[in-house]
Amino acid sequence: MSVVALLEADTLDPQFELAELTEVARGDGAIVTFVGLARPESREGNAVDAVVLDHHPTLTRQSLEQIAVACGERFDVSHVRVVHRCGTVPAGEPIVFAGAASIHRRAAFDAADYLMDRLKTEAVFWKREVGDAGSEWVEPTEADFADRDRWG
Amino acid sequence: MRIRLYGRLGDAIGRETEVDAPDGSTVADIRQLLTASHPAVTEALARSRACAGDRLVRDDERPGSDVLEFLPPVSGG
């Protein structure tokens, strides 16, 4: 089982990340990926130009690794790949790539779901939406925590 | 003691600040000093975890480090 967890300051190319995952998963039967994009609208309905992700110099990368490793240990997957942006992400651009490969599809679906539920609530980032209406810090919702808690 | 702040706390107070914490101060003592000097972030500070030397520390602990960090609730994805 292999795990990759990366913090990217400049760019995140989902096609490249999928190609990397596909390359190592040639002995498997399934790949499931999720790509999260910077939303162009806030929960309050304001236009968002960019999402700014503040991060910690050591804890952020550690949190990505811990979540990816826990995923690999929990599900019957061969490869886990997590890539997360930090810094300024223009609306519509990718913020996160979460992917898993497995012999059969169910484990890969579950693994990608698990990765995102934990990343949303536990990855060490502080997220700020910036637009004409100003700047707003965003925290996980009750629904995000409920999603995370499904995994026990 | 040097204090490092992230997210909304860094936005409101600045990335780094200092508090004049007496020897033997616990995290709770330092949190209280910071709250007293920046009452506008009382609620955000109360919901923040403290971290010293890349380790989360409880409020009844002494930081054991020259720098204490406060981490507001996190959100990735």
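To keep things clear, this report deals only with the structure shown in the data block. Keep in mind that what you see is a predicted model, and the values were worked out from it rather than measured.

### Structural notes on the sheet that holds strand E4 (residues 79-85) of chain A
Residue and element names in this part refer to chain A.
Thinking step 1. A sheet is described by the order of its strands in space; here 4 strands give the open sequence E1-E4-E6-E2, paired in mixed fashion. Each end of this open sheet is capped by a strand with a single partner; those strands are strand E1 (2-8) and strand E2 (30-37). Each strand axis lies, on average, 5° off the axis of its neighbour in the sheet, ignoring direction.
Thinking step 2. Here E1 runs beside E4; their pairing, made up of 7 bridges, is parallel. Note on E4: the bridge partner recorded for alanine 5 is valine 82.
Thinking step 3. The strands that helix H1 (residues 14-24) touches are E2, E4 and strand E6 (94-102); relative to E6, the one it contacts most, it runs at about 15°.
Thinking step 4. Each of E2, E4 and E6 touches helix H3 (residues 105-122); the most contacted strand, E6, lies at about 150° to it.

### Let's talk about the interface of chain A and chain B
Thinking step 1. Tallying the contact residues gives 24 residues for chain A and 16 residues for chain B.
Thinking step 2. Carbon and sulfur atoms supply 50% of the area buried between chain A and chain B, which totals about 1,700 Å² over both sides.
Thinking step 3. Together, Trp126(A), Trp137(A) and Glu139(A) form the three largest contributors to the area buried by chain A at its contact with chain B, with a combined 37%.
Thinking step 4. Linking chain A with chain B are 3 salt bridges, by the criterion used here.
Thinking step 5. The set of elements that each furnish at least two residues to the side of chain A that touches chain B consists of strand E3 (50-55), E6, H3, strand E7 (125-131) and strand E8 (134-138) of chain A.
Thinking step 6. Residue contributions to the side of chain A that touches chain B peak at 5 residues, all from H3(A).
Thinking step 7. Looking at the side of chain A that touches chain B residue by residue, the classes come out as 13 nonpolar, 5 polar and 6 charged.

### Here's the deal with the packing of aromatic side chains
Thinking step 1. Going through the model one piece at a time under the given rule, you end up with 4 aromatic pairs over all chains.
Thinking step 2. Here the aromatic rings of Phe75(A) and Trp151(A) are separated by 5.7 Å at their centres, their planes lie at 90°, and the arrangement is edge-to-face. Of the two residues, Phe75(A) is situated in the loop between helix H2 (59-74) and E4 and Trp151(A) in the segment after helix H4 (142-149); the sequence distance between them amounts to 76 residues.
Thinking step 3. Judged by relative accessible area, Phe75(A) falls into the buried class, the value being 13%.
Thinking step 4. Given the relative accessible area of 14%, Trp151(A) is considered buried.
Thinking step 5. Between Trp126(A) and Tyr6(B), the aromatic rings sit 5.0 Å apart at their centres with planes inclined by 20°, giving stacked as the arrangement. Taken as a pair, Trp126(A) in strand E7 and Tyr6(B) in the loop between strand E1 (2-5) and helix H1 (7-13) lie in two separate chains rather than in one. The two residues Trp126(A) and Tyr6(B) agree in class, both being buried.
Thinking step 6. Aromatic ring contacts, followed pair by pair, group Phe75(A), Tyr114(A) and Trp151(A) into a single cluster.

### Some thoughts on the layout of surface pockets
Thinking step 1. Computed from the structure, the largest pocket encloses a volume of approximately 430 Å³.
Thinking step 2. Lining the largest pocket we find 21 residues, and of these Leu37(A), Arg39(A), Lys120(A), Lys127(A) and Gly77(B) sit closest to its centre.
Thinking step 3. Listing elements by their share of the lining of the largest pocket, those giving two or more residues are E2, E6, H3, E7 and H4 of chain A.
Thinking step 4. Its volume calculated, the second largest pocket comes out at about 230 Å³.
Thinking step 5. Leu59(A), Ser63(A), Gln66(A), Val124(A) and Leu56(B) are, among the 13 residues lining the second largest pocket, the residues nearest its centre.
Thinking step 6. Listing elements by their share of the lining of the second largest pocket, those giving two or more residues are H2 and H3 of chain A together with strand E4 (55-57) of chain B.
Thinking step 7. Here the element with the most residues in the lining of the second largest pocket is H2(A); it accounts for 5 residues.
Thinking step 8. Of the residues in the lining of the second largest pocket, the class split is 5 nonpolar, 3 polar and 5 charged.

### Considering the pattern of salt bridges
Thinking step 1. Applying the stated criterion across every chain, the model contains 18 salt bridges over all chains.
Thinking step 2. The salt bridge involving Arg118(A) is made with Glu122(A); its shortest N-O contact spans 2.8 Å. With a gap of 4 residues between them, Arg118(A) and Glu122(A) both fall in helix H3, about one helical turn apart.
Thinking step 3. Arg55(B) is paired through a salt bridge with Glu61(B); the nearest N and O atoms lie 3.1 Å apart.
Thinking step 4. For Glu61(B), a relative accessible area of 17% puts it in the buried group.

Reading the values: the criteria
Residues numbered from 1 in each chain as written. Chains lettered and ligands numbered in written order. Predicted model: local features only at pLDDT ≥ 70, side-chain atom pairs only at ≥ 80, totals over all residues. Heavy atoms only, no water. Pairing = 2+ DSSP bridges. Helix = DSSP H or I, 4+ residues; strand = E, 2+ residues; numbered from the N terminus. Axes fitted to C-alpha atoms, helices over the stretch in contact; angles between N-to-C directions. Contact = heavy atoms within 4.5 Å. Buried area = accessible area lost by both parts, 1.4 Å probe. Salt bridge = Lys/Arg side-chain N within 4 Å of Asp/Glu carboxyl O. Nonpolar A, V, L, I, M, F, W, Y, C, P; charged D, E, K, R; others polar. Phe/Tyr/Trp six-rings, centres within 6.5 Å; stacked < 30°, edge-to-face > 60°. Buried < 20%, exposed > 50% of the residue type's maximum accessible area, 1.4 Å probe, protein only. 1 Å grid on protein atoms, 1.4 Å probe; cavity = no way out; pocket = protein on both sides within 12 Å on 5 of 7 lines; lining within 4 Å. Points joined across faces, edges and corners; volume = space filled by probe spheres on them.

The values reported here are purely geometric and, on their own, carry no functional implication.
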